[in-house]
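Listed here are the chains, written in short residue letters.
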Amino acid sequence: MLKKSVVEQIQINKLMATATDTTIAQKLEALMKLQGIDSALDNILKVRGDLPEEVRDLEDEIAGLETRLAKFQAEVENFNIQINNYRNAKKDSEKLIVKYKEQQMNVRNNREFEAVSKEIELQGLEMEIADKRIKEIEFKILNKNDEIGGVESNLFERNKDLEIKKKELDVIIAESEEDEQKLLKDREKALKLADERLLKSYSKLRSNARNGLAVVMVSRGACGGCFSSVPPQRQTDIKDKKKIIVCEHCGRILAGVNDPLPGEVKEKKTRATKVSAAAAAASAE
Ligand SMILES: [Zn+2]
């Protein structure tokens, strides 16, 4: 009885062990798949390059130019109002001068005549000043219109650039849109299969890694992300897939070990054998 239950327990343990083994392996596989999809998406974005940003920059620049243009135009409008005010003031002065000249005809003495003359002179001066101001403002308008012309031609050029860049971007997006959509769908599926906790570290690793790689294979004895060497014992553990193992240097998840090319195996193995043989000899002495 006891024997039987022990055997059963061992069997259950074995089964459970296999279950966890496959789970870790499956988790790694799911993560590798996600990595493949994300890397493909990264490549699509890489092909688009700086274009999306250039389009955005141009749009910002155009918005800035339009604001400046509106500001200049408002300034010109304000100048015109000022000119109008001076012209109205001139008209008032003219009217006053006509009135004063009539008064001069009816003065009773020299003193009154002089006083009215002073008023006429004053209004004449007011009109001269108004003329001077109008000329100054007209000059300002000329300068402002020059600036407006500059902004307008700049705006015209920028709009042309934007149109070209937008078309370019549209073509590139159209070329990869189908692939992108498919990858995004695949990504949704891959996300559902991925382990939640692993996914968290995956996202964190990916955002920190310049090459966007969070899960890598060990190739030629080195981490596929940072190329630091991975000790043989660690490689064995990775191959076993009994637990999640990360690179000691960069923290990337090591999903498996790529078998080296046949040529490399020989070279490396002989060197390793020689070293271990020498070590064995040394310890034997
Ligand atoms: Zn690494």
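Every chain begins its residue count from 1, and numbering advances along the sequence as written. Reporting in this predicted model follows two pLDDT cut-offs: at least 70 for local features of residues, and 80 or more for side-chain atom pairs to be given and counted; totals over whole chains, interfaces and linings ignore these cut-offs and use all residues. Neither water nor hydrogens contribute to the side-chain values; these are computed over all heavy atoms in the structure.

Draft legend 1. The overall build of the chain, seen in detail. Helix numbering and strand numbering both begin at the N terminus, where a helix is a DSSP run of H or I of at least 4 residues and a strand a DSSP run of E of at least 2. A tally of regular secondary structure across the chain gives 6 helices and 4 strands. Taken from the N to the C terminus, the helices and strands of the chain come in the order α-α-α-α-β-β-α-β-β-α. Summarising the internal contacts of the chain: among those between residues at least 6 apart in sequence, 72% fall at separations of at least 24. Of the roughly 20,500 Å² that the chain leaves accessible, carbon and sulfur atoms contribute 55%. Every residue pair with non-hydrogen atoms within 4.5 Å of one another is taken to be in contact. In this description, accessible areas are obtained by the Shrake-Rupley approach with a 1.4 Å probe, and a residue is regarded as covered only by the protein chains that are shown.

Draft legend 2. Fine view of the coordination of the zinc ion. Donor atoms from the polypeptide that bind the zinc ion are C223 (SG), C226 (SG), C247 (SG) and C250 (SG), placed at 2.2 to 2.3 Å. If you look at the zinc ion, its 4 donor atoms make angles of 107 to 112° with each other, and the shape they trace is tetrahedral. Read from N- to C-terminus, the donor residues coordinating the zinc ion fall into the pattern C-x2-C-x20-C-x2-C. The exposure class assigned to C247 is buried, which follows from its relative accessible area of 4%. With a 1.4 Å probe rolled over the protein chains alone, any residue whose accessible area is under 20% of its type maximum counts as buried; one over 50% counts as exposed, and the rest are partly exposed. C250 sits in the partly exposed class, given a relative accessible area of 26%. Counted as coordinating are nitrogen, oxygen and sulfur atoms within 2.8 Å of the metal, or 3.2 Å for Na, K and Ca, while water is not included, which may make sites look incomplete. A site with four donors is called tetrahedral when every donor-metal-donor angle falls between 85 and 135 degrees; four donors are called square planar, and six octahedral, when opposite donors sit more than 155 degrees apart and all other angles fall between 65 and 115; any other arrangement is irregular.

Draft legend 3. Local environment of helix α3 (residues 110–193). Along α3, the sharpest kink reaches roughly 50°, centred on E177. For α3, the N-terminal capping position is held by N109, with its side-chain oxygen 3.2 Å away from the main-chain nitrogen of R111. Two axes enter the bend calculation: one fitted to the seven residues ending at the residue in question, the other to the seven starting there, and the bend is the angle between them. Pairing of N or O atoms within 3.5 Å defines a polar contact, subject to two protein rules: one partner must be a possible hydrogen donor and the other a possible acceptor, and residues neighboring in sequence count only if both atoms are side-chain atoms.

Draft legend 4. Examining the sheet that holds strand β4 (residues 253–257) more closely. Two strands pair if DSSP finds at least two bridges between them. One open sheet holds the 4 strands; their spatial order is β2-β1-β4-β3, and the pairing between them is mixed. In this open sheet, the two edge strands, each paired with only one partner strand, are β2 (222–223) and β3 (245–246). The pairing of strand β1 (residues 215–219) with β2 spans 2 bridges and is classified as antiparallel. Directly across from V218, in β2, lies its bridge partner C223.

Draft legend 5. Just the side chain of S93, in detail. As for its position among the elements, S93 is in helix α2 (residues 51–105). Residues in contact with S93, not counting those within four places in the same chain, are Q123, E126 and M127.

Draft legend 6. Up close: the environment of P231. Here P231 is to be found in the loop between β2 and α5 (232–240). Sequence-wise, P231 and G221 are 10 residues apart; in three dimensions their C-alpha atoms are separated by 7.5 Å.

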